[in-house]
Structures are given as structure tokens and as C-alpha cells.
Amino acid sequence: MDWRNKLELIQNKIRGQLHARKIDDLEGVYQLMAEFDKDNSGYLDKDEFQKFLSKIGVFLTTQELRAVYDKYDSNKDGNIAYAEFVNLIRENMSERRINVVRSTFAFLDQQRQGRLLLENLYRLYQAKNHPRVRTRQKTADQVTKEFVNAISKRSKDGQSISEDEFLNYYADCNATLPSEKEEYFTDLLTSTWGVTSGADYVSPERLAQLEIILFEKIRQKTVTKDDEGKTAKKAFMYFDLENKGTIDIYQFAQALQKFGCVFSDKEIQALFNKYDADKSGRLCYDEICGLIALMGSGNNANVNPVFQIARAPPQETLNRIRNDLVKKGQHSVIRMATIFANSDKNKNGTLNRQEFQWAMKESGFLLTKTEYDNLFRYFDKNCDDEVSFVEFISFLRKPLTQNRADLVCQLWNRISNGQPSISIQQLKQCYDASKSQDVSLGIKTVADSTKDFNDIWKDVQAVTQQQFIDYLTDISALIESEAAFEKFIRNSWR
């Protein structure tokens, strides 16, 4: 029995039962789990967790329960944390659902400012059209209250919502919807936001179809020894009269016409908006051509595409990953590195495309296929369809600045008394989790922060100076301010 695949089925069954109980966001999940948490610890023991599953109508065999416990009880202490359980059932969001959310955000963000005011969202939200209201399972007031409560918690500034925050809100909704409810999820967004009533709306399905048509038109014009990326670039360069490497919407439309793509104005605009990642009103066509070349190489394994583009890091995606890591806590880079190392099945220091995508999903990141491809393409330096995960993690990790390096060395000298290593007991005695970055930001409780610290060092008996520097380098990567890092160093270590 493949228990990993079985576990996915079990998790989907859990989501299905939560949906059947009219639980539409994570607040309801937390409340339901709390009913079985007799000591209010934030954890359920195995007996309590089994009662929780029974309550929602999920009955498992002994083997199935063992697989579930192995997944949710990561530190094998016999307890399952609410937060860990919730993160695991919310992580598998299909690309179709992600595209629907992003298309909805673009539909609402008509001024293309990248943020939506909460007060405008409250006004625009059409609770009366929610599927639960239409089927009389809930009232419009109930749905409105749940929406306002949940989405306001996703806003960093308390006044507006970014695309990522909007996506995270709907990732919470996704956590209580089984995979077979794709049409329900689409209906949920289009109905409550009135998306289908917009004259300029282009569905994610149609947008994907447009991309396929564009590629096929380019492929038909590509000679045998060439590749689709080069064909596309020649056309875009023809309309780039100032040789800037970018084109506007008018030039983009002319290029589409040259390829023979007969699209409507709104479809051209929607396709342009998708590729205009920085919302500048101009496309860097090298990036588009790179994606087209990649599509071409995937269709014909015997052709090694000769099209090359100057690799610029997909900064928007990397920034989103970094922001998510900050939310997950100060040890999230270390955990991510562990997941990537475990994904390296042949232990050669690299991951293929499938392993890389699996490791990203296991780390809890919701990315589209295009974003995965951009990441992989950037870090696949020698185009051998392999990525050095050490290089990828190092890109996120970033070296210590001189000021931070000096603070770390001073701290080591103080707690080690000049010795080359210290025992793990000494290290734990020196650390004050109540002053940690996670507790300071309100991400975790003192108990959870202490547990995280102990988990990181659980297999270590003695800590060397280099191990200590590497540990603090990983934490430093998620602390932007020099002052905040210095505060962490001075306050969190006795």
C-alpha cells in the first residue's frame, strides 16, 4: 500500500467532511478541534484526535490512523498541533483554483495598484450569491460575518489586502473543500464578487487556452533546426523599434496578429496582464520567449532548445516565498532545507523538476506551474533539468552582513568561553524562547517557540562554532532590520 497516496485521500476525505459540516474557513476548524482539547494546550493527543475525526464523520482503520499520526505528529510526542494539522490540509491547492483567485483579484484591482482596500471589499462582497446562501444552508449575514472576520486577519496593515493575502484567505477556504469541488470553488468566487458580470473578464480556463493557441501558432512557424523561443523572439524584436527588450500592449497585439492569433481585445489584454508581472505596462519579451522555449522542449524530448535568455531571478516569486517563510517562523529556512535534502532521493545534491515541485509543496508554498517553471529555469544553471537545492537554499539564506557576523561571533565567544564546542544542554540553557523573533512578532507562543528550538537540535549532542553560525545565518535571512537582528541576539541569549 502506498501510504503517501493513501494519506492524500484521507486528507481529502477530511476536507470533504468539514465542507459537509458547513465549515467554510479555518476559524471553524480551530473551534471544532478545541472542543476536544480538554486542557486548552493547542494540541490533541491521539485519543482526542481520533474523537475529532469521528465527530466529523471520518472513520479510519488502524493502519490508516498510523499513517495519519506519522504525518501530523512530526516530533513523535503523541500530540498533534492544531496549526500543523491545518497547514497540511490547506497546502494542496490546485493550479486551477490558484488561477481563479488571481484572476478574481485582477478583476477587482481595476486600477492595478496591487492592493485592495478592506472597506471596498466589504462593500463589493455579495454574500447573497454565496453557494451556502443560495441553498439556504446559511444566511447572508452569517456568510458576511465569517468573511469579514477571516479576511481582515489576513491584512498586514489592517486596511488593505495584497494579492498574496487575498490568495492566502482563499487557501483557508480551500482547506475545507475536497478536490472534487473545483466547480464549487470557482462558483464561490465568481458569484460573490460578480466576476462573470464584468465585460472584460476572461476566465482562467480561457486564458490557458489562449496560451496553448499562441504556442501552436508559433510552433507552426518554427523551422526544424530552430526552436519556438527563437521564433517568438524574432517576432517581438521586429516590433521593438527602440530595441529596449520590452513591448507595450499595442506592439504585443501586433505580434499576436503576425503569428495568426485572432483574439478579442479583452483576451489580448488579459494575456498581456498575465505576462506583465510587475504591472509596468510593458512586457520583457525575453521572459515570455523563455517560457515558450520551455514548452517546446517539453513537447519534443529529442530536441535540445538552443534558445537562451539572460537569467534574471524571478524576484516577485522569491519575495513571496520569503514572506511566507517569515510567517512560518524563524526556523522555517532550516525546515525547508531539511525537506529539500530529504527530497534528494539519489543523494547527489540536486533535484529534478518533479522532486523540486514536490519539495516546494511539502514546504507549504502555493505556486502556479509558471512560477514553478520560472524558479526551476533560473536555478537550472547548466540546463540539465536538475537544480542544486543547496544553491537554491543559499539564495534564500543570504550571508551575514559584517555587523551581524561580528554580533554572532561575540555571542559565541560569550556562551562558549573560548571552547571549540559546547554541549546541547549548555546551548538550551543560554536560549530564552520568550524573547525570540517568533514570540516578538506574535507568530508563536513561548511554548511553541521553545519546542521548535528543541526540535532543531534534537539529534545533536555537541554544537560547534560553525554549526552555531550556520544556525543564526538561517534565522538572520528572515530578519530584515539590522536593529531587529541585534535585538534578537542581545535579548534571546542569556
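Conventions used here
- Numbering of residues starts from 1 in each chain and follows the order in which that chain's sequence is written.
- Local features in this predicted model are restricted to residues of pLDDT 70 or higher, and side-chain atom pairs are both shown and tallied only at a pLDDT of 80 or more, whereas totals for entire chains, interfaces and linings draw on every residue.
- The side-chain values count all of the structure's non-hydrogen atoms but skip hydrogen atoms and water molecules.
- We call a set of buried Ala, Val, Leu, Ile, Met, Phe, Trp, Tyr and Cys residues a nonpolar core when their side-chain atoms join them within 4.5 Å.
- Any residue under 20% of the maximum accessible area for its type is buried, any over 50% is exposed, and the rest in between are partly exposed; the area is computed with a 1.4 Å probe on protein chains only.
- Secondary structure is summarised from DSSP: a helix means a run of H or I of at least four residues, a strand means a run of E of at least two, and numbering begins at the N terminus for each.
- The contact criterion used is simple: two residues touch if any of their non-hydrogen atoms lie within 4.5 Å.
- In what follows, salt bridge is the name for a side-chain nitrogen of Lys or Arg lying within 4 Å of a carboxyl oxygen of Asp or Glu.
- Cavity means a closed set of points on a 1 Å grid over the protein atoms alone, one where a 1.4 Å probe fits but cannot get out, pocket means an open set with protein on both sides within 12 Å along at least 5 of 7 lines, and lining means a residue has an atom within 4 Å of a point.
- Grid points are joined across faces, edges and corners, and a volume is the space filled by probe spheres set on the points.
- Ten residues, namely Ala, Val, Leu, Ile, Met, Phe, Trp, Tyr, Cys and Pro, are considered nonpolar, four, namely Asp, Glu, Lys and Arg, are considered charged, and the remaining ones, Gly among them, are considered polar.
- By definition here, a helix of n residues has an expected span of 1.5 Å times n minus one.
- This arc is taken over the directions from the axis of the helix to the C-beta atoms.
- Note on aromatic contacts: the rings of Phe and Tyr and the six-membered ring of Trp form a pair at centre separations within 6.5 Å, being stacked when their planes are under 30 degrees apart, edge-to-face when over 60 apart, and tilted otherwise.
- Here, a charge over a ring is recorded when the distance from Lys NZ or Arg CZ to the ring centre is within 6 Å and its angle to the ring normal is within 35 degrees.

In the annotation of an unreviewed UniProt entry, the entry for the protein reads EF-hand domain-containing protein, and the organism field reads Paramecium pentaurelia.

K.L.:
Break down the nonpolar core for me, citing the residues and quoting the values.
P.N.:
In this structure, Met93, Val101, Leu121, Ile151, Phe166, Tyr170 and Trp193 are the most contacted members of the largest nonpolar core, which totals 32 residues. The set of elements that each furnish at least two residues to this core consists of α6 (95–108), α7 (118–124), α9 (140–152), α10 (163–174) and α11 (182–193). If we skip the residues at most four places from it in the chain, Ile151 touches Leu118, Leu121, Tyr122, Ile161, Phe166 and Tyr169.

K.L.:
Could you give an account of the pattern of salt bridges, with specific residues and numbers?
P.N.:
Between side chains of opposite charge, a pair can form as their charged atoms come close. Under the counting rule described, the total for this entry stands at 25 salt bridges. When the shortest N-O distance is used, the salt bridge between Asp452 and Arg335 registers 2.9 Å. Separated by 117 residues along the polypeptide, Asp452 in helix α25 (residues 446–456) and Arg335 in helix α18 (residues 332–343) bring together distant segments of the chain. Among the residues examined, Asp452 registers a relative accessible area of 8% and is labelled buried. You can call Arg335 partly exposed: its relative accessible area is 31%. Here Asp452 and Lys444 are joined by a salt bridge, their closest N and O atoms 2.3 Å apart. Residue Lys444 is classed as partly exposed on the basis of its relative accessible area of 21%. Ionic contacts of the salt-bridge type, sharing partners, join the residues Arg102, Glu163, Asp164, Arg320 and Glu371 into one network.

K.L.:
Account for empty space enclosed by the protein, naming residues and giving values.
P.N.:
Throughout the structure, instances matching the rule amount to 2 cavities of 30 Å³ or more. Forming the boundary of the largest cavity are 18 residues, of which Asp24, His130, Tyr169, Cys173 and Leu188 lie nearest the centre. Broken down by secondary-structure element, the contributors of at least two residues to the lining of the largest cavity are α9, α10 and α11. Of the residues that constitute the lining of the largest cavity, the class distribution is 10 nonpolar, 4 polar and 4 charged. Class assignment of the residues belonging to the lining of the second largest cavity gives a composition of 5 nonpolar, 3 polar and 1 charged.

K.L.:
Residue-level account of helix α22 (residues 402–416), with values.
P.N.:
Over its 15 residues, α22 runs 21 Å from end to end, which matches the ideal 21 Å to within 8%, given 1.5 Å per residue. All of the buried residues along α22 are Arg404, Leu407, Val408, Leu411, Trp412, Ile415 and Ser416. Axial view of α22: buried residues confined to an arc of 145°, hence all on one face. On its buried face, α22 sits against β9 (421–423), α23 (424–430), β10 (462–464), α26 (465–476) and α27 (482–491). Immediately downstream of α22, the backbone of Asn417 shows phi near 55°, a positive value.

K.L.:
An account of the packing of aromatic side chains is needed here, citing residue identities and associated values.
P.N.:
Taken as a whole, this structure holds 29 aromatic pairs when the rule is applied. When the ring of Trp412 is compared with that of Phe468, the centres are 5.4 Å apart and the planes differ by 40°; the resulting orientation is tilted. Taken together, the residues Trp412 in helix α22 and Phe468 in helix α26 connect sequence positions 56 residues apart. The pair formed by Trp412 and Phe468 is uniform in burial state, with each residue classed as buried. On the basis of an interplanar angle of 70° and a centroid distance of 6.1 Å, the ring pair of Phe453 and Trp493 is categorised as edge-to-face. Residue Phe453 is located in helix α25, and its partner Trp493 is located in the segment after α27; the two are separated by 40 residues in the primary sequence. Per residue, the accessibility class of Phe453 equals that of Trp493, and both read buried. Here the aromatic residues Phe105, Tyr125, Phe147, Phe166, Tyr169, Tyr170, Phe185 and Trp193 are joined through ring pairs into a cluster of three or more. Between Lys258 and the ring centre of Tyr238, over which it is positioned, the NZ or CZ distance is 5.1 Å.

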